[in-house]
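Spelled out, the chains give:
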Amino acid sequence: MESRVKVLRLFKVLHRTRQDVFKDDIRALTAARQRINEEFRKSKCETSVEKINEMIKFGSEVEAILRQNVIQAVHVDDSKIRLRPRQGLLLDNVPYCDNPRKKGLQQHAYQKAMTKGTGIN
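A few points on the structure. Note that the coordinates shown come from a computational prediction; the quantities given were computed from them, not determined experimentally. (Residues numbered from 1 in each chain as written. Predicted model: local features only at pLDDT ≥ 70, side-chain atom pairs only at ≥ 80, totals over all residues. Heavy atoms only, no water.)

To continue, consider a nonpolar patch on the surface. Residues Ile71, Ile81 and Leu83 make up a contiguous nonpolar surface patch of about 300 Å² in total accessible area. Relative to the helices and strands, Ile81 is located in strand S2 (residues 81–84). (Patch = residues over 30% accessible without salt bridge, like charges linked within 9 Å, V, L, I, M, F, W, Y side chains within 5 Å. Areas by Shrake-Rupley, 256 points an atom, 1.4 Å probe, with all protein chains shown as cover. Salt bridge = Lys/Arg side-chain N within 4 Å of Asp/Glu carboxyl O. Helix = DSSP H or I, 4+ residues; strand = E, 2+ residues; numbered from the N terminus.)

It is worth spelling out the packing of helix H1 (residues 2–21) against helix H3 (residues 49–69) at this point. As a packed pair, H1 and H3 sit with axes 10 Å apart at the nearest point and diverge in direction by 20 degrees. Between H1 and H3, the interaxial angle falls into the category roughly parallel. In the crossing of H1 with H3, the sense of the turn from one axis to the other is left-handed. Side by side, H1 and H3 meet where Ser3, Lys6, Val7, Leu10, Val13, Leu14, Thr17 and Val21 of the first sit next to Ile52, Met55, Ile56, Gly59, Ser60, Val62, Glu63, Leu66 and Arg67 of the second. Of the residues that constitute the contact of H1 with H3, the class distribution is 10 nonpolar, four polar and three charged. (Axes fitted to C-alpha atoms, helices over the stretch in contact; angles between N-to-C directions. Parallel < 35°, antiparallel > 145°, perpendicular 65-115°, else oblique. Left-handed = near helix turned anticlockwise from the far one by under 90°. Contact = heavy atoms within 4.5 Å. Nonpolar A, V, L, I, M, F, W, Y, C, P; charged D, E, K, R; others polar.)

All right, on to the side chain of Arg18 then. With respect to the helices, strands and loops of the structure, Arg18 is situated in helix H1. Salt bridges are absent for the buried Arg18, whose nearest opposite-charge side chain, Asp25, sits at 10 Å. Those residues in contact with Arg18 that lie beyond four places of it in its chain are Leu29, Ala32, Arg33 and Ile36. (Buried < 20%, exposed > 50% of the residue type's maximum accessible area, 1.4 Å probe, protein only. Lys, Arg positive; Asp, Glu negative; His and termini not counted.)

Running from N to C, H1 and helix H2 (residues 26–42) cross one another at 165 degrees; their axes reach a closest spacing of 10 Å. In terms of their interaxial angle, H1 and H2 are classed as roughly antiparallel. The crossing of H1 and H2 is right-handed. Contacts from Val7, Leu10, Phe11, Leu14, His15, Arg18 and Gln19 in H1 reach Leu29, Ala32, Arg33, Ile36, Asn37 and Phe40 in H2. Of the residues belonging to the contact of H1 with H2, the class tally is eight nonpolar, three polar and two charged.

In this section: the pattern of salt bridges. Applying the stated criterion across every chain, the model contains five salt bridges. In this structure, Glu39 engages Arg35 in a salt bridge whose closest nitrogen and oxygen atoms are separated by 3.1 Å. Of the two residues, Glu39 and Arg35 both sit in helix H2, four residues apart, roughly one turn of that helix. The partner of Arg67 in a salt bridge is Glu63, with the nearest N and O atoms 2.9 Å apart. Taken together, the positions of Arg67 and Glu63, both in helix H3 and four residues apart, correspond to about one turn of that helix. In the salt-bridge network here, residues are joined through shared partners; they are Arg35, Glu39 and Lys42.

In structure tokens:
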């Protein structure tokens, strides 16, 4: 019974993720809905607990990939595409550094500054 609850929960989560990821894209929403339903229908008669748990794990990984890696794009002109990232995908802008400092050097600089009483900005 516990695996049945997990399967139903995963089914709902996949459909919610589908609605969020493919928002306003009727064709993608329909295709994703059909694929989710088809895959669950195919495995409906599975009785092996190990196989069910394996499929639950795979479905959870698919959901995470959809949620974390898919960005919608809309054709604006013939040569322009506008990206529509979801709020959860936006990250803080972190500057790129060609020569990153090693952790030991940062710690050494911090200890040196603290012994002088100046502190680090």
